[in-house]
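Structural description and commentary
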Amino acid sequence: MDYRIDDNLKETEIKKEKIGWLCTYTPEEIIIAAGYHPLRITGKLKAFKSEGYFPINFCPFIKASMEDLLASALKLKGVIFTNSCDGMRRFYDSCRAYLPGLPAFMLDVPRNKNIISIEHFTASLKEMIIFLEELSGKKICSHELENAVGICNEKRMLLKKLSNHFRNNQGSIGVKNYYKILEKSMTDEPEAFIKYIKERIKELRSHLNSASAGPAIMVIGNFINEERLWDIFDEIDCIIASEDMCNSSRYFENIKLSAGAEEVLDAALGTAKESPMT
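Residues numbered from 1 in each chain as written. Predicted model: local features only at pLDDT ≥ 70, side-chain atom pairs only at ≥ 80, totals over all residues. Heavy atoms only, no water.

What follows concerns the nonpolar core. The nonpolar side chains of soluble globular proteins are, as a tendency, buried together. Leu162, Tyr178, Tyr179, Ile197, Trp230 and Ile240 are the most contacted members of the largest nonpolar core, which has 31 residues in total. In this structure Ile240 touches Phe166, Arg167, Gln170, Val175, Tyr179, Ile217, Val219 and Phe233, once residues within four positions along its chain are discounted. (Core = buried A, V, L, I, M, F, W, Y, C linked by side-chain atoms within 4.5 Å. Buried < 20%, exposed > 50% of the residue type's maximum accessible area, 1.4 Å probe, protein only. Contact = heavy atoms within 4.5 Å.)

Let's shift gears to the packing of aromatic side chains. Evaluated as defined, the whole model comprises 14 aromatic pairs. For the ring pair Trp21 and Tyr251, a centre distance of 6.0 Å and an interplane angle of 10 degrees mean the geometry is stacked. Here Trp21, found in strand β1 (residues 18-21), pairs with Tyr251, found in the loop between β6 (239-244) and α9 (259-274); they are 230 residues apart in sequence, far enough to count as distant. Tyr251 carries the same exposure label as Trp21, and that label is buried. Plain terms: the ring middles of Phe166 and Tyr179 are 6.5 Å apart, the flat faces sit at 75 degrees to each other, and that makes the pair edge-to-face. Here Phe166 is found in helix α5 (residues 142-168), whereas its partner Tyr179 is found in helix α6 (residues 175-187), with 13 residues between them in sequence. Using a relative accessible area of 0% as the deciding quantity, one classes Phe166 as buried. (Phe/Tyr/Trp six-rings, centres within 6.5 Å; stacked < 30°, edge-to-face > 60°. Helix = DSSP H or I, 4+ residues; strand = E, 2+ residues; numbered from the N terminus.)

As a further point, take the sheet that holds strand β2 (residues 37-40). Ordered by their spatial adjacency, 4 strands build an open sheet running β2-β1-β3-β4, and the pairing between neighbours is parallel. The two strands at the open ends of the sheet, each matched to only one other strand, are β2 and β4 (104-107). Averaged over neighbouring strand pairs, the angle between their axes works out to 30 degrees when direction is ignored. Relative to the sheet, α6 contacts β1 and β2, its axis offset from that of β2 by approximately 140 degrees. (Pairing = 2+ DSSP bridges. Axes fitted to C-alpha atoms, helices over the stretch in contact; angles between N-to-C directions.)

A separate point is unusual backbone geometry. Its identity as a non-glycine residue notwithstanding, Asp237 has a phi of 55 degrees, on the positive side. Mapped onto the elements of the fold, Asp237 is located in the loop between α8 (227-235) and β6.

So this is what it looks like as structure tokens:
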């Protein structure tokens, strides 16, 4: 009988105050350096109240995420939005209008790669740093940011190892388990998840299953956490040949920050240190 990793994924207790985030391009490093836990808003709750805040044909993920915020179950200190689509911009507007007690920040991520874009993104990161510093009441130092970068890079590296194993030996993990683990990586306390995934990777290395003979499937979407869909994929023994989702390899494909990215963070941090608190 083929081996499959245990799918009993227990949530770890989060003791730090939480900052919610909604887009893969959110720099968790800065949130961690500010002393907060970066919590991915997954939109688990079925939309009821949020239906009254958006048009009937609006993005279902945004409605589900708004439902999470309206329920206040996440107990967030603040939320980081990203200027990734028009729906997310309207979500930000709605949060500011209808949840005034929940601090919200919009991070503007440029579409182009040139000097002007880098300067613009540096300025946006500076504003995010100030936003978090004002929430926490303390400055973010370069040492804390360096430690946070190291934590996030290690997590990305381990997720890439898990992903490579999934590509080569999908049956030993299972489609449902794989995406549940990826979701766990975005919601769990980072150090606890790193310890967990190291154990799972070590366990997986000792098991090689027979190759799947099912159909090859491409999966595209935003944050897909529909377990019934993953169950179907496991039942038909399909192969995830390609994926492009917010909770897939896009989250960890950049293993390390490039020198250019480090310069942007350093510039943003340096500028923010010179800015007065308001």
